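# Secondary and tertiary structure notes
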Amino acid sequence: PDSSLYSTSVNVLDLTGRNGEGVMGLDTLPLQWLSFTAASARAKLGHDYVQKEIPSDVHFPPRTETQTCGAIQYRIFDDADMCYTKDLHDHCALGSQGIQYKNDEADPSVDDDCMMSTALGDALDRLQILVQAEWRLDVYVTDAWDGDGGHSANTLHYEGRALDFVTSDFDTNKIPRLASFAAVAGFEWVLNERDHVHASVSARDFDCVRENTNL
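A brief structural summary. (Residues numbered from 1 in each chain as written. Predicted model: local features only at pLDDT ≥ 70, side-chain atom pairs only at ≥ 80, totals over all residues. Heavy atoms only, no water.)

### Some words on the pairing of strand S8 (residues 162–167)
The buried fraction of S8 is high, at 6 of 6 residues. By the alternation rule, side chains of S8 split into Ala162, Asp164 and Val166 and Leu163, Phe165 and Thr167, which are all buried. When strand S6 (residues 139–143) meets S8, the two strands line up antiparallel, connected through 4 bridges. Its bridge partner lying in S8, valine 141 is registered against phenylalanine 165. Where S8 meets strand S10 (residues 197–200), 4 bridges bridge the pair, whose relative direction is antiparallel. The partner of alanine 162 across the bridge, within S10, is serine 200. (Buried < 20%, exposed > 50% of the residue type's maximum accessible area, 1.4 Å probe, protein only. Helix = DSSP H or I, 4+ residues; strand = E, 2+ residues; numbered from the N terminus. Pairing = 2+ DSSP bridges.)

If you want it as C-alpha cells, here you go:
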C-alpha cells in the first residue's frame, strides 16, 4: 500500500493492553488500514506473518497450541478457587463496549463466558476494534472459562486462557477472515474450527495458574 497510509496512527481504546504489552503492528496501524488489515497480510507478530485468511481446520502459527501457549497445569474448577479470584475478571463488565456473550450456562459458578484472564481480555478488546471496522459487527463469545469439564481434557479454557467466538451475525463465511483478525489482535494461537474460532494466550508471569498446579 501507499506509504501515505501510514501517516495516522490508531488511537482507539488502550491498544497497549492492561499489562502494557502492546501488539507489534496493531498499535501502529493507521486508521485507513483497519478495513483491510487481514487482506494486506502485513501485520507482524514477532516471528510470523498473518495470512489473508486462515482456512478451516488450520491453526496459526503452525506450532501446536501447547508449544505456543504452554500446557495447562492448573484447572480452575469453580468461583471459590484461589486462581479464579487472582487470575480471572468479568469481561462483560470490564471489556470493550459491544462485545456480545452467549452466557447460556446453567451454573455460572463453574462455567461463565464472561470470565477470562487479563491477557485474553486484552486481545478480545483489540479484536472487537478490527471486527467493528471491517464489518460493522461485534465479536460474539460462545465460550471462555469453563470449570465443569465441557471441553477436552487439556483445554486452556480450564485456566481461562482460551476463547471460542464468531461474528455477531453468525456468518460462518467470515470465520477464515475472523481467524486472521484474531492473530492480528494478539491471540497467540488461533484455530479455524469451521463454525467458530478458537484462540488462546500464554499464562503471564505471576499468574496463579503458572505458579501452582493441581493436575
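Following the structure, the description resumes.
### Details of helix H6 (residues 175–185)
Counting buried positions along H6 yields 11 of 11 residues, so the element is predominantly enclosed. When we look at burial in H6, the residues that qualify are Ile175, Pro176, Arg177, Leu178, Ala179, Ser180, Phe181, Ala182, Ala183, Val184 and Ala185. Two residues or fewer past H6, glycine 186 is found with a positive phi of approximately 110°.

### Describing the environment of aspartate 207
Mapped onto the fold, aspartate 207 is located in the loop between S10 and helix H7 (208–211). Residues aspartate 207 and cysteine 83 lie 124 residues apart in sequence; the distance between their C-alpha atoms is 8.1 Å.

### Points about the packing of aromatic side chains
This structure, assessed with the given rule, holds 4 aromatic pairs. Judged by centre distance (5.2 Å) and plane angle (70°), the rings of tyrosine 84 and tryptophan 145 are edge-to-face. With tyrosine 84 in helix H3 (residues 82–87) and tryptophan 145 in strand S7 (residues 145–146), this pair connects stretches of sequence that are 61 residues apart. With respect to burial, tyrosine 84 and tryptophan 145 carry one shared label: buried. For the cation-ring pair, arginine 75 lies above tyrosine 158, with the distance from its terminal atom to the ring centre recorded as 4.3 Å. (Phe/Tyr/Trp six-rings, centres within 6.5 Å; stacked < 30°, edge-to-face > 60°. Lys NZ or Arg CZ within 6 Å of the ring centre and 35° of its normal.)

Purely spatial values, then, with no claim about function.
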